[in-house]
Amino acid sequence: MNNKEIIGLTANHVANTYGRFPVAMVKGKGTRVWDADGREYLDFTSGLAVCNLGHCHPKVVAAIKAQAETLIHISNLYHIGPQSELAKLLTENSFANKVFFCNSGAEANEASIKLARKYFSVKGESRFQIISMEKSFHGRTMATLAATGQKKFQAGFEPLLEKFHYVPFNDVEAVRKAVTGSTAAVMVEPIQGEGGVNVPSDSFLGELKALCKEAGILLIFDEVQVGMGRTGTLFAYENYGVVPDIMSLAKGLAGGVAIGAMLATDEVASAFTPGTHASTFGGNPLATAAGLAALKAIKEEGVLENCRKSGEYLVKKLNELKGVFPFIKEIRGKGLIIGAELDEGIKGGDIVKECLSRGLLINCVGDKTLRFIPALIVTKEDIDMMTVTLKEVLEGIRK
Ligand SMILES: *Cc1c(COP(=O)(O)O)cnc(C)c1O
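Residues numbered from 1 in each chain as written. Predicted model: local features only at pLDDT ≥ 70, side-chain atom pairs only at ≥ 80, totals over all residues. Heavy atoms only, no water.

1. As for the packing of aromatic side chains
Describing an aromatic ring pair means giving the distance of the ring centres and the angle of the ring planes. Applied cut-off: Pairing of aromatic side chains requires ring centres within 6.5 Å, counting the rings of Phe and Tyr and the six-membered ring of Trp. Pairs whose planes differ by under 30 degrees are stacked, by over 60 edge-to-face, and all others tilted. The helix and strand labels rest on DSSP assignments: H or I over at least four residues marks a helix, E over at least two residues marks a strand, and numbering proceeds from the N terminus. When a residue's accessible area, from a 1.4 Å probe over protein chains only, is under 20% of the maximum for its type it is buried; when over 50% it is exposed; and in between it is partly exposed.
Applying the stated criterion across every chain yields a total of seven aromatic pairs. Consider the rings of Phe100 and Phe272, whose centres lie 6.3 Å apart with planes at 70 degrees: the pair is edge-to-face. Remark: Phe272 occurs in the loop between helix 11 (266-269) and helix 12 (285-300) and Phe100 occurs in strand 4 (residues 98-102); sequence separation between them is 172 residues. Take Phe100 and Phe272: they sit in the same class, and that class is buried. Each ring, one from Phe169 and one from Phe204, has its centre 5.3 Å from the other, and the planes form 70 degrees; the classification is edge-to-face.

What follows is the structure, given as structure tokens:
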């Protein structure tokens, strides 16, 4: 099938929930993808921060092949080797002691929210309210939609799940005021991704932690987007020296395969006991074998170091563009999640479209922030090539 044929089938048969570009991607390798008409693209979207090792990393592919030929699925009625090994590696490399596996970011956050409530319910405390941030994004299920502090995602799905309360990001005093006797947790993305690549102030996360401790409530970090090396450390919280009680992971966790995970300390995780939470596909052999291969590759192949180095270079190149094009307001981010905020009136969507037509994939969040989330193996040459294309496009929109 070519682009046109696939687009036709999608229009006729797939639920119309995505505003898609008129191309169908059929192949990927490293930082490149190809569409069904054979055209090559430089990918600075990485399947939305999923393919952190690039497309079809050989070790992830080999792990998937080997596991597919051995055992694809069995239920959690039984023990699962790769699941236990991935949990061991995740806990050895994080603050956490226990992992609950599921299949997506929203599910990981559902588990976080449920665990926070259960934790207090087991202790006999009536705490169930969750404080989350304005401009946050936590997923599309009913609980995570309620946690998401953006009206545009919630419209039409009311009434929302109760007991979620939103405060401005980077405003610890607002959090303090919002805490009540029924607050269970504060839920926050260490860097807001979907909401516009919003970075925390130097003190925000630390003050949040202190506040949670003082109030006896839990701190939940949603690292679905910024975990798994994206910020140059394995987990984003390491950059800020602030440890949460619960952390959710998904996107980059299994090198492109669908997976989610909720990590917690022993003390908090012990509120989940047999029968209290579950997922049919959660922690299945195929996804966890892929996750194990991906995590090992991140640790063993200098991926974090490349992320930090390439991230700095990308910021430098984008700042050079900012010097030439005054309608670029700010470059911000950490590691390889970088945003370029545009002036009001400059349409980020048009820039993205124009880049696509020149063989470059980037995306735009919150209408006016271009988001750069290339694979963590991206090279200086890739960044140079991206910058040249982007510059041409920006020249075209400069009046
Ligand atoms: C993408 C994302 C989610 C939702 O993940 P899904 O796998 O789409 O359910 C949740 N939180 C953050 C921070 C995300 O970026």
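2. Overview of the sheet that holds strand 5 (residues 129-133)
Selection rule: Between any two strands, pairing holds if DSSP finds at least two bridges. Axis definition: a line fitted to C-alpha atoms, limited for helices to the stretch in contact. Angles are taken between N-to-C directions and run from 0 to 180 degrees. We call two residues contacting when some pair of their heavy atoms lies within 4.5 Å.
An order of 4-10-9-8-7-5-6 is seen for the seven strands of this open sheet, with the pairing classed as mixed. The sheet is open, and its two edges are formed by strand 4 and strand 6 (164-167), each paired on a single side. On average, each strand axis in the sheet is tilted by 20 degrees relative to the strand beside it, whichever way the strands run. Two elements, strand 8 (residues 218-222) and strand 9 (residues 246-249), share three bridges in a ladder whose sense is parallel. Note that in strand 9 the partner of Asp222 across the bridge is Ser248. The sheet contacts of helix 5 (residues 105-122) involve strand 4, strand 5, strand 6, strand 7 (183-188), strand 8, strand 9 and strand 10 (260-264), and relative to strand 9 the element is tilted by about 165 degrees.

3. A short note on the domain arrangement of the protein chain
Spelled out, the test is: Domain segmentation is taken from an automatic or database assignment of domains. Using a 1.4 Å probe, buried area is obtained as the accessible area two parts lose upon being combined, added over both of them. Definition used for salt bridges: Asp or Glu carboxyl oxygen within 4 Å of a side-chain nitrogen of Lys or Arg.
Considered domain by domain, the protein chain is made up of domain 1 (3-57 + 302-398) and domain 2 (59-300). On a C-alpha basis, the centres of domain 1 and domain 2 stand 26 Å from each other. Taken together, the contact between domain 1 and domain 2 spans 29 residues of the former and 31 residues of the latter. Taken together, both faces of the contact between domain 1 and domain 2 bury some 2,300 Å²; the carbon and sulfur share is 60%. Summed over the three residues of domain 1 that lose the most area to domain 2, namely His57, Lys334 and Ile337, the buried surface amounts to 26% of that side. There are zero salt bridges connecting domain 1 and domain 2. Where the side of domain 1 that touches domain 2 is concerned, the elements lending two or more residues are helix 2 (46-49), helix 13 (303-324), strand 11 (328-334), strand 12 (337-342) and strand 15 (369-372). Broken down by element, the residue count for the side of domain 1 that touches domain 2 peaks at four residues, all from helix 13.

4. A word on the sheet that holds strand 3 (residues 40-43)
Hydrogen bonds along the backbone pair up the strands of a sheet, which may run parallel or antiparallel. The mixed open sheet is built from four strands, whose spatial order is 1-2-3-13. The strands lining the two open edges of the sheet, one partner per strand, are strand 1 (25-29) and strand 13 (360-361). Where strand 2 (residues 32-35) meets strand 3, three bridges bridge the pair, whose relative direction is antiparallel. Bridged to Val33 within strand 3 is Tyr41.

5. A short note on the site of the ligand
Quick reminder of the rule: If even one non-hydrogen atom of a residue comes within 4 Å of a molecule or strand, that residue is called near it. Nitrogen and oxygen atoms within 3.5 Å of one another constitute a polar contact, given that in protein one can donate a hydrogen and the other can accept it, and given that sequence-neighbouring residues count only through two side-chain atoms. Reported accessibility uses the Shrake-Rupley method at a 1.4 Å probe radius. Residues are deemed covered only where the shown protein chains occlude them. Any residue that is not Ala, Val, Leu, Ile, Met, Phe, Trp, Tyr, Cys, Pro, Asp, Glu, Lys or Arg is counted as polar, Gly included; the first ten are nonpolar and the last four charged.
Taken together, Ser104, Gly105, Ala106, Asn109, Phe137, His138, Gly139, Glu189, Asp222, Val224, Gln225 and Lys251 are the residues near the ligand. Gly105 has a polar backbone atom sitting 2.8 Å from an oxygen atom of the ligand. One of the side-chain N or O atoms of Gln225 is found 2.8 Å from an oxygen atom in the ligand. Within the complex, the protein chains bury 80% of what would otherwise be the 380 Å² of accessible surface of the ligand. Here the element with the most residues in the shell around the ligand is helix 5; it accounts for three residues. Within the shell around the ligand, the residues separate by chemical class into three nonpolar, six polar and three charged.

6. Quick notes on helix 14 (residues 348-357)
We apply this condition: Note that the arc is defined by the directions from the helix axis to the C-beta atoms.
Residues Gly348, Ile351, Val352, Cys355 and Leu356 constitute the buried set of helix 14. Down the axis of helix 14, the sector holding all buried residues measures 140 degrees, keeping them to one side. Among the structural elements, strand 3, strand 12, strand 13, strand 14 (363-365), strand 15 and helix 15 (380-397) are those in contact with the buried residues of helix 14.

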